[in-house]
Amino acid sequence: MIQHTSRLCKGYLSKKESDASDDLNSELFTLTYGALVTQLCKDYENDEEVNKQLDKMGYNIGVRLIEDFLARSSIGRCQDFRETADVIAKVAFKMYLGITPSVTNWSPAGDELSLILESNPLVDFVELPDNHSSLVYSNLLCGVLRGALEMVQMAVDVKFAQDTLRGDNVTEIRMKFIKRMEENLPAGDE
């Protein structure tokens, strides 16, 4: 909500004030997400349950976020998985997280790829404690991608392959196309 409000006000703010406002919104989002993950760690007994909850929350966000994305971006239906991956990286991530991951490591069949995030705004100010070694802190992103793509009839498997929080140089999200889903039209509406 706050980020949306700042976008409306950009016309009235100087470039410097607008950038400061975006930085503040980004930090607020990061800290709020951190508080959410911290609370989930307190509520659930193990990291695997927290990972499942983050994925589930992300899925529910993705299911709703796709409508906003399609309305704001004016992007039509993608023709294939490769085009979908480019739109996700160059438009969606930029629109909602202010970053542009690179799309790389395509499988020979063209059904699997990596999104490489040089920086992940969700992990600013974060250090994982040793007792949460199996926590996938940003797992919400996997759920968002899965939920959004399901709403445009693409079943995908999404998981983290590398994470800077675990000492890797980059954050890598691995996405595998499973199948194109049939649109469920009511009988007679075909």
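Parameters at a glance
- Residues numbered from 1 in each chain as written.
- Predicted model: local features only at pLDDT ≥ 70, side-chain atom pairs only at ≥ 80, totals over all residues.
- Heavy atoms only, no water.
- UniProt positions renumbered as here; feature names shortened; annotations may be inferred.
- Helix = DSSP H or I, 4+ residues; strand = E, 2+ residues; numbered from the N terminus.
- Buried < 20%, exposed > 50% of the residue type's maximum accessible area, 1.4 Å probe, protein only.
- Contact = heavy atoms within 4.5 Å.
- Areas by Shrake-Rupley, 256 points an atom, 1.4 Å probe, with all protein chains shown as cover.
- Pairing = 2+ DSSP bridges.
- Axes fitted to C-alpha atoms, helices over the stretch in contact; angles between N-to-C directions.
- Core = buried A, V, L, I, M, F, W, Y, C linked by side-chain atoms within 4.5 Å.

As named in an unreviewed UniProt entry, the protein is Trafficking protein particle complex subunit, taken from Oncorhynchus mykiss. Note on the protein: under the UniProt heading Function (unreviewed entry), the record states "May play a role in vesicular transport from endoplasmic reticulum to Golgi." You can read under Sequence similarities (unreviewed entry) in the UniProt record for the protein the words "Belongs to the TRAPP small subunits family. BET3 subfamily."

Focus: the overall build of the protein
For the protein, the count of helices and strands is five helices and four strands. In the protein, the order of α-helices and β-strands from amino to carboxyl end is α-α-α-α-β-β-α-β-β. Expressed as a percentage of its 190 residues, the buried residues of the protein come to 39%. Contacts spanning at least 24 positions in sequence make up 58% of the contacts within the protein whose residues lie at least 6 apart. Of the roughly 11400 Å² of accessible surface on the protein, 52% is carried by carbon and sulfur atoms.

Structural notes on the sheet that holds strand S2 (residues 112–117)
Spatial ordering of the open sheet is given by S1-S2-S4-S3, a layout of four strands whose pairing is antiparallel. Taken across any chain shown, the strands that pair with only one partner, and hence form the sheet edges, are strand S1 (102–104) and strand S3 (154–162). Each adjacent strand pair in this sheet contributes to an overall mean axis angle of 25°, direction not counted. In this sheet, S2 lies alongside S1 in antiparallel orientation, the contact comprising three bridges. Paired with Ser102 across the strands is Ile116, a residue of S2.

Some words on the nonpolar core
Within the largest apolar cluster, 35 residues are counted, with the highest numbers of intra-cluster contacts made by Phe93, Leu115, Tyr137, Leu145, Ile173 and Met175. For this core, the secondary structure elements donating two or more residues are helix H2 (15–43), helix H3 (47–73), helix H4 (81–97), S2, helix H5 (140–151), S3 and strand S4 (171–180). If we ignore the near neighbours within four places in the chain, the residues touching Ile173 are Phe93, Leu113, Ser114, Leu115, Leu117, Leu141, Cys142, Leu145, Val158, Lys159 and Phe160. In this structure, Ile66, Val87, Met95 and Tyr96 belong to the second largest nonpolar core, which totals eight residues.

Some words on unusual backbone geometry
Phi is positive for Asn105, close to 55°, though the residue is something other than glycine. Note that Asn105 resides in the loop between S1 and S2. At Phe125, a position not held by glycine, the phi torsion is positive, near 70°. Position of Phe125 relative to the elements: it lies in the loop between S2 and H5. You can call Phe125 exposed: its relative accessible area is 60%.

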